[in-house]
Amino acid sequence: MPRPRLSAATDIASSISFSVADINQALPKTAQVYELVRRAIVSLDMPPGMAINEKKICEELQISRTPLREAILQLHAENLVDVRPNAGTFVAPIDLRYVLEGQLVRDALEMKVVRFAARRVDKQFLARLDLNMHQQRTLAQERDYDRFYEQDEAMHQLICEHGASQRIWRLVTGAKAQLDRVRRLQMPEPNHMTIVLAEHGAIVEGIRAGDEYGAAQAMKIHLDRVFLTIRHLMAERAELFAPEMGPLLEEFERFSA
């Protein structure tokens, strides 16, 4: 697959460094390294096309090569990195095929679990959702994109785990790795966080009312807006995407209508 053209901003972003303080040396390291590198890829601190310097990362985190290589295998399975024999490991381009597969999984699972969550609503669950929404509103006012994204994820996780289980959330998370990069790219866009807050609020109110169909409809509107996001980003940030994916996007949009 041809590599996407990288912008000048990529060279700046590729200076990311990790710290030994990011790792708890007393705990298993592979999962921690995986989370660190995945977060950096999703946030585009490690942008598409960037070479992953394994020696540098190991030195910065003061770990052996084994946990990093195991983490890279997991990231490769999620199509977030390309491993090229005799060339190295690179952050993969945003491949629309995998983005849309992640959207398909979210549509299938989150649409179902939000209905279950509305059926099982209780005071403790609502209190956690209300706290999360308060944190989202605060972070939106502060324009803290990174932490807002984290709370966005936390809300979906709360709903998924209350409606179903942690295992279902892990399935969703593993499937939407490429989709998460698209979602994170959209965060700085004007009014984006305001729109997300309104959509999240509608989902929570449906759950609060015990209206499983209303909650599911609000979730559908929220999830489907990613198609507008993809079209916008493919026009504005084409260098980050694998090429020639327009027809596939149109097919998925028709399928999801």
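Given the structure is predicted, the values throughout are model-derived calculations rather than measurements.

1. Quick look at the nonpolar core
Where a protein is soluble and globular, its nonpolar side chains tend to be buried together.
Then comes step 1: Ranked by internal contacts, the top residues of the largest apolar core, which has 26 residues, are Val 114, Leu 129, Phe 148, Ile 159, Ile 203 and Ile 207.
Then comes step 2: Residue assignment for this core shows that the elements contributing at least two residues are helix 5 (96-119), helix 6 (123-142), helix 7 (145-163), helix 10 (192-208) and helix 11 (212-224).
Then comes step 3: Counting residues per element, this core draws most heavily on helix 10, which supplies six residues.
Then comes step 4: Excluding residues within four positions of it along the chain, Leu 129 makes contact with Met 155, Leu 158, Ile 159, Val 204 and Ile 207.

2. A look at the packing of aromatic side chains
For any pair of aromatic rings, geometry is given as the distance between the ring centres together with the angle between the planes.
Then comes step 1: Applying the stated criterion to the full structure yields zero aromatic pairs.
Then comes step 2: Cation over ring: Arg 97 sits above Tyr 98, and NZ or CZ is 5.4 Å from the ring centre.

3. Focus: the confidence of the model for the chain
Then comes step 1: Taken as a whole, the chain shows an average pLDDT of 87; of its residues, 88% reach a score of 70 or greater.
Then comes step 2: Mean pLDDT in the chain bottoms out at helix 1 (residues 8-13), which sits at 36, and peaks at helix 6, which reaches 97.
Then comes step 3: Low pLDDT, under 50, characterises residues 1-14; the stretch is placed with 28 contacts to residues that sit more than four places away or in other chains.

4. Brief notes about the side chain of Arg 181
Then comes step 1: Within the fold, Arg 181 resides in helix 9 (residues 177-186).
Then comes step 2: Of the side chains with opposite charge, Asp 82 comes closest to the buried, unpaired Arg 181, at an N-O distance of 7.9 Å.
Then comes step 3: Within the structure, Arg 181 has its side chain in polar contact with the side chain of Gln 178 (distance 2.8 Å).
Then comes step 4: Not counting chain neighbours up to four residues away, the residues in contact with Arg 181 comprise Ile 41, Val 42, Leu 44, Pro 48, Leu 80, Val 91, Ala 92, Pro 93 and Ile 94.

5. Regarding the pattern of salt bridges
Then comes step 1: Here the structure, examined in full by the defined rule, presents 22 salt bridges.
Then comes step 2: As a salt-bridge pair, Lys 176 and Glu 153 come within 2.7 Å of each other at their nearest N and O atoms. Separated by 23 residues along the polypeptide, Lys 176 in the loop between helix 8 (166-175) and helix 9 and Glu 153 in helix 7 bring together distant segments of the chain. Here Lys 176 matches Glu 153 in class, with each residue buried.
Then comes step 3: The salt bridge partner of Arg 183 is Glu 153, with a shortest N-O separation of 2.8 Å. Highlighted residues: Arg 183 in helix 9 and Glu 153 in helix 7, separated in sequence by 30 residues.

6. With respect to the side chain of Thr 89
Then comes step 1: Mapped onto the elements, Thr 89 comes out in strand 2 (residues 88-91).
Then comes step 2: Residues contacting Thr 89, with those up to four places away along its chain left out, are Met 50, Ala 51, Ile 52, Glu 54, Ile 72, Val 81, Asp 82 and Val 83.

7. Considering the packing of helix 10 against helix 11
Then comes step 1: The interhelical angle for the contact between helix 10 and helix 11, taken along N-to-C directions, is 160°, at an axis separation of 7 Å. Judged by the inter-axis angle, helix 10 sits roughly antiparallel to helix 11. In the crossing of helix 10 with helix 11, the sense of the turn from one axis to the other is left-handed. Contacts between helix 10 and helix 11 involve Val 196, Glu 199, His 200, Ala 202, Ile 203, Gly 206 and Ile 207 on the former and, on the latter, Ala 215, Ala 218, Met 219, Ile 221 and His 222.
Then comes step 2: Residue classes in the contact of helix 10 with helix 11 are distributed as eight nonpolar, three polar and one charged.

Rules used in this analysis
- Residues numbered from 1 in each chain as written.
- Predicted model: local features only at pLDDT ≥ 70, side-chain atom pairs only at ≥ 80, totals over all residues.
- Heavy atoms only, no water.
- Core = buried A, V, L, I, M, F, W, Y, C linked by side-chain atoms within 4.5 Å.
- Buried < 20%, exposed > 50% of the residue type's maximum accessible area, 1.4 Å probe, protein only.
- Helix = DSSP H or I, 4+ residues; strand = E, 2+ residues; numbered from the N terminus.
- Contact = heavy atoms within 4.5 Å.
- Phe/Tyr/Trp six-rings, centres within 6.5 Å; stacked < 30°, edge-to-face > 60°.
- Lys NZ or Arg CZ within 6 Å of the ring centre and 35° of its normal.
- pLDDT = per-residue confidence, 0-100.
- Lys, Arg positive; Asp, Glu negative; His and termini not counted.
- Salt bridge = Lys/Arg side-chain N within 4 Å of Asp/Glu carboxyl O.
- Polar contact = N/O pair within 3.5 Å; in protein donor to acceptor, adjacent residues only side chain to side chain.
- Axes fitted to C-alpha atoms, helices over the stretch in contact; angles between N-to-C directions.
- Parallel < 35°, antiparallel > 145°, perpendicular 65-115°, else oblique.
- Left-handed = near helix turned anticlockwise from the far one by under 90°.
- Nonpolar A, V, L, I, M, F, W, Y, C, P; charged D, E, K, R; others polar.

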